[in-house]
Amino acid sequence: MKTFIYENKPTEYCYGCGACKEICHAKAITMVADKEGFLYPQINSAICTNCGLCEKICPTQEENIYKLFHSCPQHVNAAWNKNLADRLESTSGGIFFLLANQCINDGGVVYGVALDEELHAKHVRISSQQELYCLRGSKYVQSDTQETFQQIKQDLLSGTYVLYSGTPCQIAGLRLFLRKDYEELITIDLVCHGVPSPYIFKEHIHYIEKKEKDKITDFKFRAKKNPVGEVTPNTSSENANQYIIIGEQTIFATLSNKDISIENHVLHAISRLPNV
């Protein structure tokens, strides 16, 4: 019985998208963090039925790479949010916030990444405009897709419009998991430099807390300081303090920018894909 999803490629090719875990009817696959905090699938060979579904929907497989690259027409538009307040609260041009609001206004739901109480990055389902604030702003760390692929499938089967935001690798995993196109699905990916280590991010937070003697409750990876768009990381604390951190002077940013803390699969990434 197999113990890895793909026998023909090394572990570092895995994107950690979680599609294999979500497709497994036997519940034989779990996503487990390695020593750097990156999530990788592990198979319980005692309950695995060897059906092969996990390999069939894995975005690292050559036959899937071809389908993903040739399934959508390539067309590019450029835009930004005209609302200055929206742009200042967003990492870049504020387009995600506009699209997400429109999706919810049309009766749809939005999936994106939020930081939980422990500052772990996780994909969550949002159905109201009041909840959208937690999805705003880029999170420069690997997110856990949790059970969102299954949730998205149920939403789509019920005819609900879905807007899904994630990395190209996560969107590739979602599309392969669904195994068909849905008119109700809109995906938003980003120009991905790679996902930094969740372990190093966690240690970075611990360092700030120890230095400031305060509990960090929120972290903005790129907070805009003025309408021109100057950005810098900052945090919010339990004692309602804010600590401004100059990004280029932090170990976390330095390791990420030099690709030292970036997950190995980025070196082999082939999933920067066009989306519908």
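Reading the values: the criteria
- Residues numbered from 1 in each chain as written.
- Predicted model: local features only at pLDDT ≥ 70, side-chain atom pairs only at ≥ 80, totals over all residues.
- Heavy atoms only, no water.
- Salt bridge = Lys/Arg side-chain N within 4 Å of Asp/Glu carboxyl O.
- Buried < 20%, exposed > 50% of the residue type's maximum accessible area, 1.4 Å probe, protein only.
- Pairing = 2+ DSSP bridges.
- Helix = DSSP H or I, 4+ residues; strand = E, 2+ residues; numbered from the N terminus.
- Axes fitted to C-alpha atoms, helices over the stretch in contact; angles between N-to-C directions.
- Contact = heavy atoms within 4.5 Å.
- Disulfide = S-S within 2.5 Å.
- Core = buried A, V, L, I, M, F, W, Y, C linked by side-chain atoms within 4.5 Å.
- Expected span 1.5 Å × (residues − 1).
- Arc of directions from axis to C-beta.

### A few points about the pattern of salt bridges
Considering all chains together, one arrives at 7 salt bridges under this definition. Here Glu22 ties to Lys21 by a salt bridge, and the two come within 3.8 Å at their closest N and O atoms. In this pair, the class of Glu22 matches that of Lys21, namely buried. Across the pair Asp218 and Lys220 runs a salt bridge whose closest N-O atoms are separated by 3.8 Å. Accessibility expressed as a relative area gives 27% for Asp218, which makes it partly exposed. Several salt bridges share partner residues, and in doing so they unite Lys21, Glu22 and Glu147 into one network.

### Here we look at the sheet that holds strand β3 (residues 109-115)
Spatially, the 4 strands line up as an open sheet ordered β4-β3-β5-β6, and their pairing is mixed. The sheet is open, and its two edges are formed by β4 (121-126) and β6 (185-188), each paired on a single side. Adjacent strand axes in the sheet meet at a mean angle of 25°, parallel and antiparallel pairs treated alike. Where β3 and β4 come together, 6 bridges link them in antiparallel fashion. Each residue of the ladder has a partner; that of Gly112, found in β4, is Val124. Contacting β3, β4, β5 (162-165) and β6, helix α6 (residues 148-157) runs over the sheet at an angle of about 160° to β5.

### Some words on the environment of Phe177
As for its position among the elements, Phe177 is in helix α7 (residues 168-178). Taking C-alpha positions, Phe177 is 8.9 Å from Gln150, a pair spaced 27 residues apart along the chain. For Phe177, the residues in contact, after removing those within four places along its chain, are Ala19, Glu22, Ile23, Ile57, Phe149, Gln150 and Lys153.

### Quick word on the state of the cysteines
Evaluated as defined, the whole model comprises 0 disulfides. We note that Cys14 lacks a disulfide partner, and the nearest cysteine sulfur, in Cys20, lies 6.4 Å from it. Looking at Cys51, it has no disulfide partner, and the nearest cysteine sulfur is the one in Cys24, 6.3 Å off. Assessed through its relative accessible area of 47%, Cys51 is described here as partly exposed.

### Looking at the nonpolar core
Membership of the largest hydrophobic core comes to 19 residues, with the highest contact counts inside it found for Ile152, Leu156, Val162, Tyr164, Leu174, Leu178 and Leu185. Of all the secondary structure elements, the ones that give two or more residues to this core are α1 (19-23), β3, α6, β5 and α7. Each residue touching Ile152, except ones within four places of it in the same chain, is listed here: Tyr111, Val162, Tyr164 and Leu174.

### Topic: the environment of Tyr199
Here Tyr199 lies in helix α8 (residues 198-212). With relative accessibility at 42%, the residue Tyr199 sits in the partly exposed group. Sequence separation between Tyr199 and Val141 is 58 residues; the distance between their C-alpha atoms is 9.4 Å. Look past the residues within four positions of Tyr199 in its chain and what remains in contact with it is Lys35, Glu36 and Gly37.

### Considerations on α8
Helix length check: α8 (15 residues) gives 21 Å between terminal C-alpha atoms against 21 Å at 1.5 Å per residue, within 8%. Among all positions in α8, only Phe201, His204, Ile205, Ile208 and Glu209 are buried. Down the axis of α8, the sector holding all buried residues measures 135°, keeping them to one side. When the buried face of α8 is taken as reference, the exposed residues oriented beyond 90 degrees from it are Tyr207, Lys210 and Lys211. Two residues or fewer after α8 comes Lys213, characterised by a positive phi angle close to 55°.

### A look at unusual backbone geometry
Note: most residues except glycine have negative phi, and most peptide bonds are trans. Positive phi, close to 55°, is recorded for Lys27, a residue that is not glycine. Within the element layout of this structure, Lys27 appears in the loop between α1 and β1 (29-33). A relative accessible area of 59% means that Lys27 is categorised as exposed.

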